[in-house]
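Structure at a glance
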Amino acid sequence: MKKIIAILSFIVLCISMSSCGTPVQQTNNRIKIGVLVYDEGDTFLKGIINEMIADAKNRSKGDVDVTITVGDASGDQNTQNDQMEDMIANGCNVLAINLVDRTDPTSIINLAKKNNVPIVFFNRELVKHDLERWNQLYYVGAPAIRSGMMQGEEIADYVRSHPEADKNGDGKIQYVLLKGEQNHQDTIIRSEKAVSTAINYGVRLDKLAGEVANWSRAQAQNRMQQMINEYGDRIELVICNNDDMALGVIDDYRKMQIPVKDYPAIFGIDGTEEAVKDLKEGTLKGTVYNDAAAQADKIMQLAVALAQDEDVSNVVHSNSKSFYIDYQKLTRSNVEEFEQEHENK
C-alpha cells in the first residue's frame, strides 16, 4: 500500500510540475491589434477605426479571436509614445499607427524593433528613409497628389460650366484657402495641386487669403467667419483640404442665414457621409472620396498577416512597403451613382 501511495504521489507531482513549468503559448488564432491615432475626433479616422473594428468582429469566429484597442493621442507625440509602450506591455502583437508627427517616428520605430512588434502606419506617410529602417514596417494610405489634382479638376469643371461663379464679372475667381496642419504633407500637396491644376485647366484664380484650420470643423468655422468679415461677398470660391473644414465653412454661412444661392463654391476632400449629404443639397460643390473602408481592409490584412508571421507579399502585391488606394471625384452629377455602387458592396 505504501509503495502504491508513493507511486501515485510521484505521478501527481510530475503532472503538477509539467503543467506549471510549461508556459501557455499564444496561438496564431489570438491576435491583439493596437490602433494609435493622432486624434480620434477626426471624422475620416473615425471611419477607418469603425471599419477595422467591424473587420475584427467578422474575423473572430470559432477559435479565432481578433481584438482591437484604440489609443487617442489628442495631438501629442509623447502621449502616443507612452500609449504604444502600454499596448506592447498589454500583449498587442501588431500595431496600426497614425502618427502625430510623421517627421519624428524614431522612438516609435525603436520601441517596435526592440520588442519585435510589427507596425502598419496609415494615413500619415513617413518619409521613405524611416520606413526602410526595419523590415516589419509598412504603410497604407492614399496618394495625396491625386486628391489635390482631382479637386483642381472639379473646380475647373465647375467654373467652366457655371459662369455665374464669377460674381463680380472680372474674369477671375477670388478664392480663400482653408488648410490642414501646418507642414503636413497632405496640406502642402493638396493646396498646391488643387490651385495649380485649376490654373492649368484655364481658371484664372485670385487668392484673397489662406488660413490654417488643422482639419477641424470648428476651427474652419471660426477662420471662415474672420475671412467673411474681411472680404464679404468678394469670396467666390473656398478650397478646403478636407471635408470637415468644408462643413465648418457651410456651418458659418448657415449661421449667418445667407441664402444658399449666395454661397461661394465650396470644395472639400474625403467624401465623408455628412459631406455627401451637403453635396446632394448643393451647398458643397465637390469633394474627393478617400476610401476609408478599402484602407481599413488593407490595414487589417497586413496586420493579421504580420501577427501570424505570414508572407505579406500577397497583401501588398509588390516589393514595396507602401500600399496606396486611389481617390474618386464626387460631384452632384455622380453622387447618386456612387451611393448605389457602395450600397451593393
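Scroll up for the structure.
Presented here is an overview of the structure given in this document. (Residues numbered from 1 in each chain as written. Predicted model: local features only at pLDDT ≥ 70, side-chain atom pairs only at ≥ 80, totals over all residues. Heavy atoms only, no water.)

1. Comments concerning the overall build of the protein
Helix and strand counts for the protein come out as 13 helices and twelve strands. The C-alpha atoms of the protein give 26 Å as radius of gyration, which overshoots the globular expectation for 345 residues (20 Å, by more than 25%). Projected onto its principal axes, the C-alpha coordinates of the protein cover approximately 110 × 40 × 40 Å. A burial count over the protein gives 48% of its 345 residues as buried. Expressed as a percentage of contacts within the protein between residues at least 6 apart in sequence, the contacts between residues at least 24 apart total 73%. Surface exposure of the protein reaches about 16,900 Å², of which carbon and sulfur atoms provide 48%. Of the charged side chains in the protein, 37 are positive and 52 negative, and the gap between their average positions amounts to 3 Å. (Helix = DSSP H or I, 4+ residues; strand = E, 2+ residues; numbered from the N terminus. Rg over C-alpha atoms; globule rule 2.2 N^0.38 Å. Buried < 20%, exposed > 50% of the residue type's maximum accessible area, 1.4 Å probe, protein only. Contact = heavy atoms within 4.5 Å. Areas by Shrake-Rupley, 256 points an atom, 1.4 Å probe, with all protein chains shown as cover. Lys, Arg positive; Asp, Glu negative; His and termini not counted. Charge placed at Lys NZ, Arg CZ, Asp CG, Glu CD.)

2. Some details on the sheet that holds strand β4 (residues 119-122)
One open sheet accounts for six strands, arranged β2-β1-β3-β4-β5-β11; its pairing is parallel. The open sheet has two free edges, formed respectively by β2 (65-72) and β11 (322-324), since each of these has just one partner strand. Strand-to-strand, the axes of this sheet are offset by a mean angle of 20°, without reference to chain direction. Relative to the sheet, helix α4 (residues 106-115) contacts β3 (94-97), β4 and β5 (137-141), its axis offset from that of β4 by approximately 155°. (Pairing = 2+ DSSP bridges. Axes fitted to C-alpha atoms, helices over the stretch in contact; angles between N-to-C directions.)

3. Things to note about the packing of helix α6 (residues 144-161) against helix α7 (residues 185-200)
Packing of α6 against α7 brings their axes to within 7 Å, and their N-to-C directions diverge by 35°. As for how α6 packs across α7, the hand of that crossing is right-handed. Across the interface between the two elements, A144, I145, S147, G148, M149, Q151, G152, E153, I155 and A156 from α6 touch D186, I189, R190, K193, A194, T197 and A198 from α7. Across the contact of α6 with α7, the residue classes tally to eight nonpolar, five polar and four charged. (Left-handed = near helix turned anticlockwise from the far one by under 90°. Nonpolar A, V, L, I, M, F, W, Y, C, P; charged D, E, K, R; others polar.)

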